[in-house]
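Close look at the chain arrangement
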Amino acid sequence: MDVNAAVAAAAAIAGVLTGVIAMLAFRWSEREQKRPTRTSLHTDPMLPPGVDTVLSVLRSSAVVLDEADAVVKASSAAYALGLVRGGKLSVEPMLQMARDTRRDGEIRQVELDLPRRGTGRGEALAVSARVAPLGSRLVLLLVEDLTEARRIEAVRRDFVANVSHELKTPVGALSLLSEAVMDASEDPEAVERFAGRMQIEATRLTSLVQELIDLSRVQNDDPLEDAEPVRVDELVAEAIDRCRHQAGTKQITMAAAGAAELRVWGNRGQLAAALGNLVENAVNYSPARTRVGIAARRVSVPSGDLIEVAVTDQGIGISDKDKERIFERFYRVDPARSRQTGGTGLGLAIVKHVAASHGGEVTVWSSEGQGSTFTLRLPEAGAARDRALQHPDLDDEDGPTPESASYDPLPAPEVLP
């Protein structure tokens, strides 16, 4: 009996001790969790209430530094720009601005050019950095990427300068020719000759103004607001009719093939202008008694079927260095020849913008002395595919349909006078 009592007493004492030890361990764990650690000094709880939320919605790259210049908070954009690396601000001028602001509390702002992340080559990043105190211990750095804004501003300045130059040439010529007409008022032949030159310059000026309007329209308007299925053969016929007179004067043969039953989705007016510009360039830059071909086909890509319209000439061709720039506004491969043909340097720029705004692209193949091929690729209108599905009897079970067959070699084109 005494042994059992002793065992029971020992068990009770052990239970009490276990409970005391567990309670002490729990209290110690709570105290350790509340005690600030070295890592917790650099986490979000240090930020004033609401700052984290505000920084998360800012478009600017945001970095918060503590009194030791360690990064407390940084947005994903700051990492993408390469501002933060290894938990430190990697741009020394910005780091010095932060130290100066921490010392005197003044807000500072500066614009800097930073090298591209990963390499020191290529176009520099233009940024605007603004540093301000955030409480008594932290400093906030906001960085705005100005690279695209600067590029657009440079393009705008070049555009204004080019437009001024292009308008100045025909306007100046008209002024001089009008003076010549007045001086030669008693010479009918001279008056007729000068008047003819005035008509040429006036036509050139009208074309330039119209193409500037067209370029502005395709850049600012959304062509898909008025989009509709457009027959490719109608676009080709309109482009050929537009250049029929110039081609006849130079005895250039124009031929079309493959456009029947193909449709693209987009703004009819803009698509007609784009294809017309390609055909007009092919005629203008081709020697006499040569051939210009317009061929169309459907091509399949992972994102869906595309309609490909290729315009091929037997002209002077384009060098490799010029092919990279021919879609720039006012760029001319041969300025002297452009003056003879009346080119403004805006036609291919319009084609590029029309293709891009319709979800397509324009490419060029060319070899000097052998000619060029400009290819316009545009999304196919869904109505064309729906119509094909409604008439399965047109498909050949043993092979591809005529519309989906390989397009090489081209079928015999229809020659249009």
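Description of the structure in this document.

What counts, and at which threshold
Residues numbered from 1 in each chain as written. Predicted model: local features only at pLDDT ≥ 70, side-chain atom pairs only at ≥ 80, totals over all residues. Heavy atoms only, no water. Pairing = 2+ DSSP bridges. Helix = DSSP H or I, 4+ residues; strand = E, 2+ residues; numbered from the N terminus. Core = buried A, V, L, I, M, F, W, Y, C linked by side-chain atoms within 4.5 Å. Buried < 20%, exposed > 50% of the residue type's maximum accessible area, 1.4 Å probe, protein only. Contact = heavy atoms within 4.5 Å. Polar contact = N/O pair within 3.5 Å; in protein donor to acceptor, adjacent residues only side chain to side chain. Axes fitted to C-alpha atoms, helices over the stretch in contact; angles between N-to-C directions. Salt bridge = Lys/Arg side-chain N within 4 Å of Asp/Glu carboxyl O.

Here's the deal with the pairing of strand 2 (residues 71–74)
Where strand 1 (residues 61–65) meets strand 2, 3 bridges bridge the pair, whose relative direction is antiparallel. Its bridge partner being in strand 2, valine 63 is matched across the sheet by alanine 74. Counting the residues between successive antiparallel strands, the hairpin from strand 1 to strand 2 contains 5 residues, one of them, aspartate 69, with a positive phi of roughly 65°.

Some thoughts on the nonpolar core
Among the nonpolar cores identified, the biggest contains 49 residues, and Val232, Val236, Met254, Val264 and Val311 are the most heavily contacted of them. Elements with a minimum of two residues in this core: helix 6 (188–220), helix 7 (232–242), strand 9 (253–257), helix 9 (268–284), strand 11 (291–301), strand 12 (304–312), helix 12 (347–357) and strand 14 (371–379). Looking at this core element by element, the count peaks at 8 residues for helix 9. In this structure valine 232 touches Ala259, Leu262, Arg263, Val264, Ala296, Ile307 and Val309, once residues within four positions along its chain are discounted.

A closer look at the side chain of serine 60
Of note, serine 60 is situated in the loop between helix 2 (51–57) and strand 1. For serine 60, a relative accessible area of 16% corresponds to the buried category. Engagement of the side chain of serine 60 in a polar contact is seen with the side chain of glutamate 144, the distance being 2.5 Å. Those residues in contact with serine 60 that sit more than four places away from it in its chain are Ser75, Val143 and Glu144.

Looking at the sheet that holds strand 2
Pairing within the open sheet is antiparallel, and its 5 strands lie in the order 2-1-7-6-5. Strand pairing shows two members of the sheet lacking a second neighbour, strand 2 and strand 5 (108–114), which therefore form its edges. Strand-to-strand twist in this sheet, taken as the mean axis angle between neighbours without regard to direction, amounts to 20°. The pairing of strand 6 (residues 125–134) with strand 7 (residues 138–145) spans 8 bridges and is antiparallel. In the strand pairing of strand 7, proline 133 is matched with valine 139.

Some thoughts on the pattern of salt bridges
Inspection of the entire model under this criterion finds 21 salt bridges. Here glutamate 234 ties to arginine 268 by a salt bridge, and the two come within 3.1 Å at their closest N and O atoms. One end of the pair, glutamate 234, is in helix 7; the other, arginine 268, is in helix 9, and 34 residues separate them in sequence. What makes arginine 268 partly exposed here is its relative accessible area of 30%. The network of salt bridges with common partners includes Arg231, Asp233, Glu234, Glu238 and Arg268.

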